[in-house]
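# Structure assessment
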Amino acid sequence: VTLFATNAHSKNLKVVCKIEDDVPNFVRGDPTRIRQILTNLTGNAIKFTSEGEVCVSLALVEHKDNLVVINFKVRDTGIGISQEGLSHIFESFAQADGSTTRVFGGTGLGLAICKQLVELMGGQLDVESQLGKGSCFSFNIVFEESVSSFKETQPILLTKPDKAVDEVISSSLVKPSRILIVEDNKINQQVAKGMIMQYGFEIELVNNGQEAIEILSNESFDLIFMDCQMPVMDGYEATRIIKMQKLISENVPIVAMTANAMAGDKEKCLEAGMDDYIAKPLKLSELLSCLSHWLNGADQIKIDKK
Ligand code: ADP
């Protein structure tokens, strides 16, 4: 929800996150996948709503022995989906209406992936919707109860950025810098964009190395985040071409975003001409350190890169 706040507020939408009191603070499950599903559903809810509110809520369905069933709901007051649209909404590449695609963009893959992920976790993704009134996507997941090592319960869903890092970055950057994100995965694009945008940067997204070369031939950026493995043209080849053809000036860094933490990856990125690398899934504090390091106050934050 925090990730999407800026986006929603710029559309005058209210975004609410409601966690019922009886939902346990700690359960054992797959946080990455749950975040992926919620990010996708919340992103859609905001995308397809122009007035009103988007509400993400969690409620306890059952708590028996050491099993906890939690219901997740993402509700919006947006354009809604027709009966015809609902019948194939979870199919790959399905979009409820051709004209919405033109207005809103997208690939039609997000919901198909969410459905699969929910099912792999033993649940079922449901949708209720009324054209013109809004939609509600919901699913239940069974978790194992988990005992926390924390003394006090802490809110786990709304992670605030590290305040110190936050302050340094906002004071060290004097003008909005333009950042290009080259990434083929829609969800990773949204996560990176959501994280970076709240600090007032201008963001452009492209889907692969080829598109990066095209945009860099016409526009200039202050920093480029480059995924390594992408269809059409990967990040290594794109970086080589960008550097060889001098499509960016020498002080513009290319930062690899890599999911592979294997030895030798860093060398491969540097060899291709990239200047730095950051691990995926992105962590806000690492991202901010990287931005601060390359865009301004390089000596204000130490980057701990091992
Ligand atoms: P994408 O958003 O990339 O097109 P999705 O699989 O996430 O792909 O969504 C498929 C389609 O379902 C969307 O194009 C849209 O027509 C419809 N849809 C999804 N979520 C909503 C929503 N909250 N309100 C209205 N329509 C929605």
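Every chain is numbered on its own, with residues counted from 1 as its sequence reads. In keeping with the model being predicted, local features are shown solely for residues with a pLDDT of at least 70 and side-chain atom pairs are shown and tallied solely at 80 or more, while totals for entire chains, interfaces and linings include all residues. Excluding hydrogens and water, the side-chain figures rest on all heavy atoms present in the structure.

### Considerations on the packing of aromatic side chains
As a reminder, the rule being used: Pairing of aromatic rings covers Phe, Tyr and Trp, the last counted by its six-membered ring, and requires centre-to-centre distances within 6.5 Å; plane angles under 30 degrees mean stacked, over 60 mean edge-to-face, and any other angle means tilted. In this text, helices come from DSSP runs of H or I with a minimum length of four residues, and strands from runs of E with a minimum of two, each type numbered from the N-terminal end. Placement of a positive charge over a ring is assigned whenever Lys NZ or Arg CZ falls within 6 Å of the ring centre and within 35 degrees of the normal to the ring plane.
The tally for this structure, following the rule as stated, stands at three aromatic pairs. Summarising the aromatic geometry, the rings of Phe72 and Phe143 are spaced 6.2 Å apart at their centres and angled 55 degrees between planes, so their arrangement reads as tilted. Residue Phe72 is found in strand 4 (residues 67-76), and its partner Phe143 is found in strand 6 (residues 134-145); the two are separated by 71 residues along the sequence. Ring geometry for Phe90 and Phe137: centres 6.4 Å apart, planes at 80 degrees, overall edge-to-face. Remark: Phe137 occurs in strand 6 and Phe90 occurs in the loop between helix 3 (83-87) and helix 4 (98-104); sequence separation between them is 47 residues. Linked through ring pairs, Phe72, Phe139 and Phe143 together constitute an aromatic cluster. In this arrangement the basic side chain of Arg178 is found over the ring face of Phe221, its NZ or CZ atom lying 4.4 Å from the centre.

### Considerations on the environment of Gly132
For the record, the criterion: The contact rule is simple, with two residues in contact once any of their heavy atoms fall within 4.5 Å.
Turning to its location among the elements, Gly132 is positioned in the loop between strand 5 (126-130) and strand 6. Linking Gly132 and Ile81, residues 51 residues apart in sequence, is a C-alpha distance of 7.9 Å. If we ignore the near neighbours within four places in the chain, the residues touching Gly132 are Gly78, Ile79 and Gly80.

### A word on unusual backbone geometry
Worth spelling out the cut-off: Whether a residue is buried, partly exposed or exposed follows from its accessible area with a 1.4 Å probe, protein chains only, as a fraction of its type maximum: under 20%, in between, or over 50%, in that order.
Across the junction of Lys280 and Pro281, the peptide omega takes the value 0 degrees, indicating a cis bond. A positive phi angle, near 60 degrees, is found at Asn12, a position not held by glycine. With respect to the secondary-structure elements, Asn12 resides in the loop between helix 1 (2-10) and strand 1 (14-19). A relative accessible area of 71% places Asn12 in the exposed class. The phi dihedral of Val232 falls on the positive side, at around 70 degrees, and the residue is not glycine. Inspection of the secondary structure puts Val232 in the loop between strand 9 (223-227) and helix 9 (235-244). Relative accessible area serves as the criterion here: at 68%, Val232 is assigned to the exposed category.

### Examining the packing of helix 8 (residues 209-218) against helix 9
Quick note on the threshold: Axis geometry follows a simple rule: fit a line to the C-alpha atoms, using only the stretch in contact for helices, then measure angles between N-to-C directions, giving values from 0 to 180 degrees. Working definition: roughly parallel below 35 degrees, roughly antiparallel above 145 degrees, roughly perpendicular at 65 to 115 degrees, and oblique for all remaining angles. Left-handed describes a crossing in which the near helix is turned anticlockwise from the far one by less than a right angle; the clockwise case is right-handed. Under the scheme applied here, ten amino acids are nonpolar (Ala, Val, Leu, Ile, Met, Phe, Trp, Tyr, Cys and Pro), four are charged (Asp, Glu, Lys and Arg), and all others, including Gly, are polar.
Across the interface, helix 8 lies against helix 9 with an axial gap of 8 Å and an inter-helix angle of 20 degrees. On the basis of their axis angle, the class for helix 8 and helix 9 is roughly parallel. Crossing hand, helix 8 versus helix 9: right-handed. Of helix 9, the residues touching helix 8 (which contributes Gly209, Ile213 and Leu216) are Ala238, Ile241 and Ile242. Classifying every residue of the contact of helix 8 with helix 9 by side-chain character gives five nonpolar, one polar and no charged.

### Re the nonpolar core
Let me state the cut-off plainly: Here the nonpolar core consists of buried residues drawn from Ala, Val, Leu, Ile, Met, Phe, Trp, Tyr and Cys, with membership extended through side-chain atoms lying within 4.5 Å.
Judged by nonpolar contacts, the single largest core of 33 residues is most densely connected at Ile37, Leu41, Phe72 and Phe139. Among the secondary structure elements, those contributing two or more residues to this core are helix 1, helix 2 (31-47), strand 3 (53-64), strand 4, helix 5 (110-120) and strand 6. Examining the composition of this core, we find that six residues originate from one element, helix 2, more than from any other. For Ile37, the residues in contact, after removing those within four places along its chain, are Cys114, Leu117, Val118, Met121 and Phe139. Core analysis: the second largest hydrophobic core is formed by 26 residues, Val182, Met230, Cys269 and Tyr277 among them.

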